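# Breakdown of the fold
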Amino acid sequence: MSADGIKVAVTRRLPATVEQRMSALFETTLHESEKPLSREALIERARGADVLAATLGDRLDAAFFDAVGDRLKLVANFGAGVDHIDIAAADAHGVTVTNTPSVLAEDAADMAMALILAVPRRLVEGVNALIEGRFEGWSPTWMLGRRVRGKKLGIIGLGRVGEAIARRARAFGLSIHYHNRQPINPHIEEALEATYWESLDQMLAHVDIVSVNCPHTPATFHLLSRRRLELMPPHAYLVNVSRGEIVDETALADLIESGRLAGAGLDVYERGGPNEKLLSLPNVVLLPHMASATVESRIEMGERVIINIKMFADGHRPPDRVISGLDVDF
Ligand code: DGY
């Protein structure tokens, strides 16, 4: 395959500069609408292409790869998470999959840090009180949150985003704890003064704020089950900018409602949007999956997609190839 004449099909509208560059380099079918493609239209678009520039929301499961035929050779995902793609099925059909790690890590970490501050300090409750005319002047006892400095932050999945959060959190006086399958590079661990917990259960019982930063895989689905959420102390908060499926959202909402957990800051949800109970709780801050939503991140994600396509088309190993069976790092 060579970049000349290679057919690329895009499934969502991308930043204009990315679309222009893609169209200049490859024979590209862009997506004109802000709405995602239907399942049928997605299969139809992929069927006529060498490369599918897909993104989260496109369900690329085994049935999809069975249906698209032999032409498709590369899925160049716009995004770091690939839990919407059956990598083993892609492999079995000879389709390479790439993602866009690292370029969004700093922006995602900013948003996680914003939530780590916003929930204990009741930022959104304060804004709402003002807007709703409930502010009657400063009071020694009104709108008291909890101090962030001196608290213990437990990061589940200390990869690129987790590390970027840890750097920020240290500047705010938090101590860093983490749970990974393996300890991280000792130099990084030392620089962050981070404590490794082999046992997630033990870490959950010990920390004040938990940040979810591992990828969603079959092994991490409901990693934070009701049982594990109940191990967290009642004054603890949960922050998640990774994937909603990692947390049992119904259990989380129940525990916050009953005062068994202090609150949560969420950017991602199990079923597309937050459940009804979460929406009604005052001590949660809910965002619409926008942790990587900066102009800079989205352009750099598009650039990674283009680099992966170009390298692949030129016969090289694309730099961000996702390997079946290995976790992606955000
Ligand atoms: C990703 O890249 O997977 C993010 O969730 C999108 O911002």
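So, here is what we can say about the structure in this document. Note on numbering: residues in each chain are counted from 1, in written sequence order. For this predicted model, a pLDDT threshold of at least 70 governs which residues receive local features, and a threshold of 80 or more governs which side-chain atom pairs are given and counted, while totals over whole chains, interfaces and linings are taken from all residues. Working from all heavy atoms in the structure, the side-chain values ignore hydrogens and water.

### Quick notes on the site of the ligand
In plain terms, the rule: Near residues are defined by distance, with any heavy atom within 4 Å of the molecule or strand qualifying the residue. Side-chain atoms alone can form a polar contact between residues adjacent in sequence; in general such a contact is a pair of N or O atoms within 3.5 Å, and within protein one must be able to donate a hydrogen while the other accepts it. Note on residue classes: Ala, Val, Leu, Ile, Met, Phe, Trp, Tyr, Cys and Pro are nonpolar, Asp, Glu, Lys and Arg are charged, and everything else, Gly too, is polar.
Taken together, the neighbourhood of the ligand is formed by Leu56, Gly79, Ala80, Gly81, Leu104, Arg243, His289, Ser292 and Arg298. A distance of 2.9 Å is found between an oxygen atom of the ligand and a side-chain nitrogen or oxygen belonging to His289. With respect to the ligand, the side chain of Ser292 contributes an N or O atom lying 2.5 Å from an oxygen atom. A per-class count over the shell around the ligand returns 3 nonpolar, 4 polar and 2 charged.

### So, the packing of aromatic side chains
The condition that has to hold: Under the pairing criterion, centres of Phe, Tyr and Trp rings, with the six-membered ring standing for Trp, must be within 6.5 Å; the plane angle then separates stacked pairs below 30 degrees from edge-to-face pairs above 60, leaving the rest tilted. Strands here mean DSSP runs of E at least two residues long; helices mean DSSP runs of H or I at least four residues long; both are numbered from the N terminus.
Enumeration according to the criterion identifies 3 aromatic pairs in this entry. Judged by centre distance (6.0 Å) and plane angle (25°), the rings of Phe135 and Trp142 are stacked. Relative to Tyr196, the ring of Tyr178 has its centre 5.2 Å away and its plane inclined at 50°; by these criteria the two rings are tilted. One end of the pair, Tyr178, is in strand 7 (residues 175–179); the other, Tyr196, is in strand 8 (residues 195–196), with 18 residues separating them in the sequence.

### Considering the sheet that holds strand 3 (residues 51–53)
Put simply, the test is: Paired strands are those between which DSSP finds at least two bridges. Every angle, taken between N-to-C directions, lies between 0 and 180 degrees, and every axis is a line fitted to C-alpha atoms, over only the stretch in contact when it is a helix.
The sheet built from 5 strands is open, its strands ordered 2-1-3-4-5 with parallel pairing. Unpaired on one side and paired on the other, strand 2 (27–29) and strand 5 (96–98) mark the two borders of the sheet. Here the average twist between neighbouring strands, direction ignored, is 20°. Across 3 bridges, the pairing between strand 1 (residues 7–10) and strand 2 is parallel. Bridging across to strand 2, Val8 finds its partner in Thr28.

### What to know about the pairing of strand 6 (residues 152–156)
The criterion, for reference: Only protein chains enter the accessibility calculation, which uses a 1.4 Å probe. A residue is then buried if its area is under 20% of the maximum for its type, exposed if over 50%, and partly exposed in between.
Most of strand 6 is tucked away, with 4 of its 5 residues classed as buried. In this structure, strand 6 lies alongside strand 7, joined through 5 bridges in parallel fashion. By the bridge assignment for strand 7, Leu153 is matched with Ile176. Bridge analysis of strand 6 against strand 9 (residues 209–212) gives 4 bridges, and the strand direction is parallel. Counted as the bridge partner of Ile155 is Ser211 from strand 9.

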